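If you want the building blocks of each chain, they are given just below.
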Amino acid sequence: MDVTTGWYLVLGALLFIIGGVGLLIRRNPLVMLMCVELMLNGVNLTFVAFSRRLGDIAGQTVVFFVLVVAAAEVVVGLGLIVSIMRRRPDVTADDLKLLKG
Amino acid sequence: MIPVLGQVFTAPSIDWWALAPQLILLGAALLILVVSALLAERCPAWFSGVVALVAGAGVFVSGFYLWYDIRDSGPRSIVSGALSLDGFAVLFTLLVAVAVVMTVLVADAYLEREHMDSPEFHALLLLAATGAIVMASASDLIVLFLGLESLSIGLYVMAAMQFRREEAQEAAMKYFILGAFSSAFFLYGIAMVYGSTGSTGLAHARDYLNRLDTAIVDQPWMLMLGFALLLVGLAFKVAAVPFHFWAPDVYQGSPAPVSGFMASAAKAAGFAAMLRIFFVAFGQSRTDWSPVLGVLAVVTLVVGVVMAIIQTDLKRMIAFSSIAHAGYILVGVQAGTSEGTAAALFYLFSYSLMVLGTFAVISLVQWQDGQPLDRFEGLADRRPLIGFALTVFLLGQAGVPLTSGFIAKFLVIKAAVDERTWWLAIAAMVISAAGAYIYLRVIFAIWRRPGAVDEEGGEPVAAPVVPPASGFAILGAMAFTLVVGFVPQFLIEFARDAVPVLLG
């Protein structure tokens, strides 16, 4: 069976959806962070697949930009999680409810 | 020249002068970081603030220089189509410069009182401002995404900087998770546009749509999905309903000067990106996105105003009111005409000054347990000038005549009427009348006389100390709001000249 770029697009979309749903239903901040990464990598795969289909190198260079952005995001995200965990070791997203109204 | 995959790579020629605003901000941020790291204890406390202030002023001056440059030699694209230099970019450059200067002035006393690290704060502020300017001038979706991320990542940290307060941490965490979520949507939208048009360049996307016109689009659903995802990503950033959930929590939990920066520069950058993408690049398919934005605008207005009415914390109330203002700006954006865009720009500029001023006053009346409304009772009695300034800002946001807010509301509603979207114009008018209540409630509180007594302890609430820097910033914003209210013509013309163009 031929594996065309369409398969990769579907895989990318699936990764994106898994990440998105995971972010909404999981309550552990660390897992939520990983879900964001999954979403971004789903997009990366989509870019590479499109790049392949269009025969255009630009889509692949985009991936490098996204990787760097994702790394920067993780640094900030982990920093935030560590500073919250230090104060309340077993925190979940449901415990973050001081701000309401 | 380096051969890459059979093609010859030529480095793009870069117009460095046109990049001056970004370079000044970036240079100042690096200077602050390096000097404060090297000198450590010996670095004087005022150093980073002064550098940030000078950088903000420098950006303002260079913005004016670029404005006249564009008037003489026309708008152009710089760095081989990645950024465009036009009136639109310059207007947002000036707006961001003003926001930086105001934030630095207001944050000065705040940082000292809360024992926060000022070099980091100022460096992050400058980097976030760089991102905002890049966003406003980007003519390629990936460059726009990079600007968006520089702005957002800087703001995530700034929201958490008051790390001794749990509210700030919680706000930053919520902002981070939802911000990253929306960035991923935005990025997926870029991928869809890339997949269907074959480029991430906005000029390319526009040409593609023009060429195809109404003929057979290869994969119309893919481009539509791209539009939708880009819109979702940006709606998150500008806090439009139903993507607004982060805004109240984040504005309330973040340090007040940071909330002011978010409500002005960050919101403006989000709308800059929205206008650049939808009005300029996808203007051809206006009939596809305009009704969606119209519905979004009405929902945003209603939810923003209704929720603001039931709030008891001033910061949270201003957050909901800021959501409602995003609705008014969307009314201008959805018109999809030059007038509508100019109205949105005028609105953004005048609203930014009002909200920066409001948060400046709030940061003076800072309390450990938030800013419940009754803390502001009798403010006008104890500090008449500050009370008067806050009144002006609130009247402006309510859209009372003789303030800039009135002209702004008038212009966006006029743009909707010109486009014959009567329902939208009527909805905006009715809601703006209802919305006046939320501001009047605060105004009554601050002018009420016997409010100088704290309810629990019976102890008199001390008059807030007004440091000269904050006072100067507040008076400046107040003067702007009033002057534009009386003689709006210069800002209207400025906004008209700043309607974006797109260069390939």
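Some words on the overall build of chain A
When you go through chain A residue by residue, the secondary structure sums to three helices and zero strands. Listing the helices and strands of chain A from first to last along the sequence gives α-α-α. For chain A, whose C-alpha radius of gyration is 17 Å, the value lies well above the compact-globule estimate of 13 Å for 101 residues. Across the 101 residues of chain A, 40% fall into the buried class.

Describing helix α15 (residues 384-398) of chain B
All names here are of chain B. Counted at 1.5 Å a residue, the expected span for α15 with its 15 residues is 21 Å, and the 21 Å between its end C-alpha atoms agrees. Most of α15 sits out of view: eleven of its 15 residues are buried. Within α15, the full set of buried residues consists of I386, G387, A389, L390, T391, V392, F393, L394, G396, Q397 and A398. The inward-facing, buried residues of α15 abut α12 (314-335), α13 (338-364), α14 (379-382), α16 (404-418), α17 (422-447) and α18 (468-486).

Section: a nonpolar patch on the surface
All names here are of chain B. A contiguous nonpolar surface patch, about 520 Å² in accessible area, is contributed by L26, L30, L33, V34, L38 and L39. You can see L38 is positioned in helix α1 (residues 20-39). Of the residues examined, L38 reaches a relative accessible area of 65% and is grouped as exposed.

Some thoughts on the packing of helix α6 (residues 166-197) of chain B against helix α9 (residues 246-253) of chain B
All names here are of chain B. Between α6 and α9, the shortest axis-to-axis distance is 8 Å and the interhelical angle comes to 145°. Between α6 and α9 the crossing geometry is left-handed. Contacts between α6 and α9 involve E167, A168, A171, K174, Y175 and L178 on the former and, on the latter, W246, D249, V250 and G253. Across the contact of α6 with α9, the residue classes break down as six nonpolar, one polar and three charged.

A look at the environment of S118 of chain B
Along the chain, S118 of chain B turns up in helix α4 (residues 118-137). In this structure the C-alpha to C-alpha distance between S118 of chain B and A45 of chain B, which are 73 residues apart in sequence, comes to 7.7 Å.

Details of the environment of L94 of chain B
Turning to its location among the elements, L94 of chain B is positioned in helix α3 (residues 87-113). Remark: the alpha-carbon pair of L94 of chain B and F349 of chain B, spanning 255 residues in sequence, is separated by 9.4 Å.

Considerations on helix α5 (residues 141-160) of chain B
Residue and element names in this part refer to chain B. Over its 20 residues, α5 extends 29 Å from the first C-alpha to the last, a length consistent with the 28 Å expected when each residue adds 1.5 Å. Taken across its 20 residues, α5 has 17 buried, putting it largely inside the fold. The N-cap residue of α5 is D140: its side-chain oxygen and the backbone nitrogen of I142 are 2.9 Å apart.

Considering the nonpolar core
Ranked by size, the top nonpolar core spans 229 residues in total, and within it F47 of chain A together with F92, F261, M274, I277 and F282 of chain B carry the most contacts. Of the residues forming this core, the biggest block, 19 residues, is contributed by helix α10 (residues 256-281) of chain B. Not counting residues within four places of it along the chain, the set of residues in contact with F261 of chain B comprises A99, V100, T103, L125, A128, A129, L151, L155, A266 and L356 of chain B.

Reading guide: rules and limits
- Residues numbered from 1 in each chain as written.
- Chains lettered and ligands numbered in written order.
- Predicted model: local features only at pLDDT ≥ 70, side-chain atom pairs only at ≥ 80, totals over all residues.
- Heavy atoms only, no water.
- Helix = DSSP H or I, 4+ residues; strand = E, 2+ residues; numbered from the N terminus.
- Rg over C-alpha atoms; globule rule 2.2 N^0.38 Å.
- Buried < 20%, exposed > 50% of the residue type's maximum accessible area, 1.4 Å probe, protein only.
- Expected span 1.5 Å × (residues − 1).
- Contact = heavy atoms within 4.5 Å.
- Patch = residues over 30% accessible without salt bridge, like charges linked within 9 Å, V, L, I, M, F, W, Y side chains within 5 Å.
- Areas by Shrake-Rupley, 256 points an atom, 1.4 Å probe, with all protein chains shown as cover.
- Salt bridge = Lys/Arg side-chain N within 4 Å of Asp/Glu carboxyl O.
- Axes fitted to C-alpha atoms, helices over the stretch in contact; angles between N-to-C directions.
- Left-handed = near helix turned anticlockwise from the far one by under 90°.
- Nonpolar A, V, L, I, M, F, W, Y, C, P; charged D, E, K, R; others polar.
- Polar contact = N/O pair within 3.5 Å; in protein donor to acceptor, adjacent residues only side chain to side chain.
- Core = buried A, V, L, I, M, F, W, Y, C linked by side-chain atoms within 4.5 Å.

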